[in-house]
Amino acid sequence: MGSQESIMMFLCLVLVSRGLVCMAQGKVYYYDFVLEEANFTRLCSTKSMLTVNGSFPGPEIRVHRGDTVFVNVHNHGEYGVTIHWHGVREPRNPWSDGPENITQCPIPPGTSLLQEIDFTTEEGTLWWHAHSDWSRATVHGAIIIFPAIGTSYPYTWPHAEDTIVLASWFKGDVMAIINEALASGGDPNKSDAFTINGQPGDLYNCSSNSTYRLMVDYGKTYLLRIINAVMNEEMFFGIANHSLTVVGMDAAYLKPIKTSYIMITPGQTMDVLVTADQAPSHYYMAGSPFADTMAPFDNTTTAAILQYRGNYTPPTSPSFLALPVYNDKYAAMNFTVRLRSLASRAHPVNIPKIINKRLFITVSVNMIFCPNESCAGPDGNRLAASLNNISFQTPKIDILQAYYRSLPGVYNATFPDKPPYFFNFTGDVGNNTLYTGLGTKVKMINYGAAVEIIFQGTNVGAAENHPMHQHGYSFYVVGMGWGNFDHETDPKTYNLVDPPEVNTFGVPTNGWLAIRFIADNPGVWFQHCHLERHTSWGMDTVLVVKNGNTAATCMRPPPHYMPPCH
Ligand code: C2O
Ligand code: CU
C-alpha cells in the first residue's frame, strides 16, 4: 500500500469513528473550505465579500470518477450559509446536498460542517456553490471529475486543460441587494459586470491590466471546462476566429458539436475543445447575455484573451468576435437543439420509455397583491414566481429533517400534477394566474418511478427562458419547442435515442421542455429555476423520492451533527 493510500485508509477509519459511513470505491479526499470575508478591487472600487479560502472563484475540487470527497466547511463569516455540490447525484445521501432549509439549516458562524460528496456516475465538469439567498454570487468554484483510473476521455487527450468560470460582479453587497428587493417587492439590482475567472476584462473600466489570459501553443488542442455561475442571465460565449467543439455537458459526454458560439444557462457546464490553429496572435474570448425578456438584465460583455506563445508582433488590440445579440432566441435554440448524448457502448443512455409518473408544470413570473399599491413591483404589487401557480415558501425547518422525523406543519405533500387550469399559456394570457398562490408544497414520488415532466413556460408576468435545475438527478431532455405543449403531436417529436443528459436546462421563452428520468435516488431534492431572482421569488418545489423496499434503496440515516434549526 502506497503512503497516499494508507493516509486515505487512515482517514476513512477516522471518519468511521466519527459516525460516518466510509463507502468509497475510489479514493477519499479531504478538503477544508473556510468561508471568510476578503477584499477585492474590480471596476475601480474595492469591497469586502464572502469567499471560500479568500479566492474568487473559489478552490477547485479535482477527483476521478468513483472517488469520495469530504469537505469540512468552516464558517468564519457573519451569517449562516450552506454549500451545495451542483449536479452531484449524492446517492441516498441528501444530507450533504446543501440547499438552505430544504436539506439542512445554515451552518452558524463560528462552526463547521463536514459534508460528504459521493462521485458515482458523473464524469466531466460540475461546480459547487453556496445555497443561501444570494451568497452563491461570490461563493462558488469548479468540480473536475476525471475518468476513472484506467479509462480515458472518449476523445483525444487534450494538450492541456483550463477552467473558465463565468460569474456576475455586483459593486454592492449581494445579500443587501436581494434583501432590499424582497423587502420592497421590486426587481433586484442588475449586476455591474460579468467576469471570466474573477476578472471583468478589457471592455470595462479599470480592468485591462487584470484581464484573464489563456496562453496556448500553436497547433495544440485545449479542453476548456466552462461553468456558468452567473446569477441572472444565460450567456453566449465564443472565441474570436476559433471554432469550439462541445464534447460534454453537466458531467456527461455529448456527440461533438462544432460551433462558433455556445449558449450556456446558469447552472450548466460545458466541456469544449479548442485547437490553436489560427495565426499566432491575441484573440478575445467573450461572454454576453442571452436575455429574451422584458425583465431588466446586465447587458455588458466580459472578455479574456487567448494568447499564442512565441515570437510575433502583438496586435494593438486582440481580434474581436461577434456573439449573437442579447434577444436572439433563434441563435440560442439553434445551438441548444444540437445537444445529443454520446450514447456509446462505454457511455450508454437509459431513457425511460414507459412512463408511470407524469407532471405538467407551468413556470411563471407572477405578482402578489399589495394593499394601497405599497410595493415596488408592477402596479404597486410584489413580484413573485411560481411552479403550477404555487410560489414556494421556504420553511424555517429543513424539509429533509421534517420528512425523516415526521415533523408536522413544515410542508404539505400537495404539489399538484398540473396547473389549476389550462388556458393559452403562451399567448394573450390576460390576468390568468397573474396572482399566484403561496405554499410549501412538495411532490411525493415512488421509488423507481419512470418520471416525465413537461415544463410549460408562460407569458404570465414576463416571459423568459427559465433554466430549470433538479437536485439529486440528471435527466434526459427528450423534447422542446415553442408555444403550448401539444399532448397529441409533440411526444411524436421526442428524441428517445440520444437526448442530452443534464441537470439544468432552459425552458424556452413561451415554450416547453420535456424531461425524463428514473426516480431511483431516494431523498429530498430541490427543483428550481437557476435564475437567482426567480429562485428567491418562489419558482421552486421539492421532489421527495420515497424509499424502496431494500436497505440499498433507502436513504442513509443522517450524520448526528447536522446544524441546528432556529
Ligand atoms: Cu446550482 Cu439548487 O442549485
Ligand atoms: Cu426563471
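Residues numbered from 1 in each chain as written. Chains lettered and ligands numbered in written order. Predicted model: local features only at pLDDT ≥ 70, side-chain atom pairs only at ≥ 80, totals over all residues. Heavy atoms only, no water.

Trainee: Break down the state of the cysteines for me, citing the residues and quoting the values.
Mentor: Under the defined criterion, the tally for this structure stands at 3 disulfides. Covalently, Cys-370 is tied to Cys-375 through a disulfide, its sulfur atoms 2.0 Å apart. Between Cys-370 and Cys-375, the S-S torsion sits near -80 degrees, and that sign places the bridge as left-handed. (Disulfide = S-S within 2.5 Å.)

Trainee: If you had to explain empty space enclosed by the protein to someone new, which residues and values would you point to?
Mentor: Rolled over the atoms, a probe as big as a water molecule pinpoints where empty space is left. Within the structure shown, the criterion is met by 5 cavities of 30 Å³ or more. The wall of the largest cavity is formed by 19 residues, among which Met-263, Ala-332, Thr-336, Asn-465 and Gly-506 lie closest to the centre. Going through the elements one at a time, α3 (329-336), β27 (475-482) and β29 (504-507) are the ones with two or more residues in the lining of the largest cavity. Broken down by element, the lining of the largest cavity gets its largest block of residues, 4 residues, from α3. Grouping the constituent residues of the lining of the largest cavity by class yields 11 nonpolar, 6 polar and 2 charged. Two domains share the lining of the largest cavity, each providing at least three of its residues, namely domain 2 (160-336) and domain 3 (357-553). Estimated volume of the second largest cavity: approximately 90 Å³. As for the second largest cavity, its lining consists of 13 residues, of which Pro-188, Asn-189, Lys-190, Asn-232 and Pro-296 are closest to the centre. (1 Å grid on protein atoms, 1.4 Å probe; cavity = no way out; pocket = protein on both sides within 12 Å on 5 of 7 lines; lining within 4 Å. Points joined across faces, edges and corners; volume = space filled by probe spheres on them. Helix = DSSP H or I, 4+ residues; strand = E, 2+ residues; numbered from the N terminus. Nonpolar A, V, L, I, M, F, W, Y, C, P; charged D, E, K, R; others polar. Domains from an automatic or database assignment.)

Trainee: I'd like a rundown of the packing of aromatic side chains, residues and numbers included.
Mentor: Tallying each qualifying case throughout the model produces 26 aromatic pairs. Measuring from centroid to centroid gives 5.3 Å for Tyr-284 and Phe-320, while their planes differ by 75 degrees, and the two rings are edge-to-face. Taken together, the residues Tyr-284 in strand β18 (residues 282-290) and Phe-320 in the loop between β19 (302-308) and α3 connect sequence positions 36 residues apart. The exposure class of Tyr-284 is buried, given its relative accessible area of 7%. Here Phe-320 falls in the partly exposed class, since its relative accessible area comes to 48%. A connected cluster of aromatic rings, assembled from ring pairs, spans Phe-360, Tyr-421, Phe-422, Phe-423, Phe-425, Phe-485 and Trp-512. Its end group placed over the ring of Trp-169, Arg-42 keeps NZ or CZ at 5.5 Å from the ring centre. It is Lys-47 that lies over the ring of Trp-169; its NZ or CZ is 4.9 Å from the centre. (Phe/Tyr/Trp six-rings, centres within 6.5 Å; stacked < 30°, edge-to-face > 60°. Buried < 20%, exposed > 50% of the residue type's maximum accessible area, 1.4 Å probe, protein only. Lys NZ or Arg CZ within 6 Å of the ring centre and 35° of its normal.)

Trainee: Give me the coordination of the copper ion (ligand 2): which residues, what numbers.
Mentor: Summarising the metal site, the copper ion (ligand 2) is bound by the protein donors His-466 (ND1), Cys-529 (SG) and His-534 (ND1), whose distances to it range over 2.1 Å. The sequence pattern describing where the donors of the copper ion (ligand 2) fall on their chain is H-x62-C-x4-H. One end of the pair, His-466, is in strand β26 (residues 466-470); the other, His-534, is in helix α5 (residues 532-537), and 68 residues separate them in sequence. In terms of burial, His-466 and His-534 fall into one category: buried. (Donors = N, O, S within 2.8 Å, 3.2 Å for Na, K, Ca; no water.)

Trainee: Before we move on, can you summarise the environment of Asn-197 with the specific residues and values?
Mentor: Assignment of secondary structure puts Asn-197 in the loop between β10 (193-196) and β11 (213-216). Dropping the residues within four chain positions of it, Asn-197 is found in contact with Phe-56, Pro-57, Thr-163, Ile-164, Val-165 and Tyr-212. A distance of 2.7 Å separates a polar atom in the side chain of Asn-197 from the backbone nitrogen of Val-165. (Contact = heavy atoms within 4.5 Å. Polar contact = N/O pair within 3.5 Å; in protein donor to acceptor, adjacent residues only side chain to side chain.)

Trainee: Describe the sheet that holds strand β4 (residues 68-75), and please don't skip the residues or the numbers.
Mentor: Sheet architecture is open: 4 strands sit in the order β2-β1-β4-β6, paired in mixed fashion. Each edge of the sheet is formed by a strand with only one pairing partner; in this case those strands are β2 (45-52) and β6 (112-118). With direction set aside, neighbouring strand axes in the sheet form an average angle of 25 degrees. Relative to β6, β4 runs antiparallel, the two sharing 7 bridges. (Pairing = 2+ DSSP bridges. Axes fitted to C-alpha atoms, helices over the stretch in contact; angles between N-to-C directions.)

Trainee: Break down the side chain of Thr-504 for me, citing the residues and quoting the values.
Mentor: Tracing the sequence through the fold places Thr-504 in strand β29. Polar side-chain contacts of Thr-504 include one of 3.1 Å to the side chain of His-469. A polar side-chain atom of Thr-504 sits 2.6 Å from a polar atom in the side chain of Asn-503. Leave out the neighbours within four places in its chain, and Thr-504 touches His-86, Asp-250, Thr-265, Pro-266, Gly-267, Gln-268, Pro-467, Met-468, His-469, Phe-475 and His-530.

Trainee: Before we move on, can you summarise the nonpolar core with the specific residues and values?
Mentor: Ranked by internal contacts, the top residues of the largest apolar core, which has 90 residues, are Leu-166, Ile-226, Phe-237, Ile-262, Phe-335, Phe-455 and Phe-517. The next biggest cluster of nonpolar side chains, apart from the first, holds 25 residues, and it includes Val-73, Trp-85, Trp-128 and Val-139. (Core = buried A, V, L, I, M, F, W, Y, C linked by side-chain atoms within 4.5 Å.)

Trainee: Give me helix α2 (residues 174-184): which residues, what numbers.
Mentor: Think of an α-helix as 3.6 residues a turn; residues three or four steps apart then line up on the same face. By the burial criterion, the buried members of α2 are Val-174, Met-175, Ile-177, Ile-178 and Ala-181. Relative to the axis of α2, the buried residues are bounded by an arc of 160 degrees and lie together on one face. Turned more than 90 degrees from where α2 packs its buried face, Glu-180 and Ala-183 sit exposed. On its buried face, α2 is in contact with α5. One or two positions beyond α2, positive phi appears at Gly-185, with a value near 90 degrees. (Arc of directions from axis to C-beta.)

Trainee: Hey, could you go over the sheet that holds strand β31 (residues 523-529) for me, with residue numbers and the actual values?
Mentor: With mixed pairing, 5 strands are arranged side by side in an open sheet as β24-β32-β31-β26-β29. For this open sheet the edge positions go to β24 (442-445) and β29, each flanked by a neighbour on one side alone. Averaged over all neighbouring strand pairs, the angle between strand axes comes to 20 degrees, with direction disregarded. Pairing analysis gives 6 bridges linking β31 to strand β32 (residues 540-545), with the strands arranged antiparallel. Of the residues in β32, the one forming a bridge with Trp-525 is Leu-543.

Trainee: Which residues make up the pairing of strand β12 (residues 221-228), and what values go with them?
Mentor: With 7 of 8 residues buried, β12 is to be regarded as a mostly interior element. Here strand β9 (residues 160-169) runs beside β12; their pairing, made up of 7 bridges, is parallel. Its bridge partner being in β12, Ala-160 is matched across the sheet by Tyr-222. Pairing analysis gives 7 bridges linking β12 to strand β17 (residues 269-275), with the strands arranged antiparallel. Each residue of the ladder has a partner; that of Leu-224, found in β17, is Val-272.

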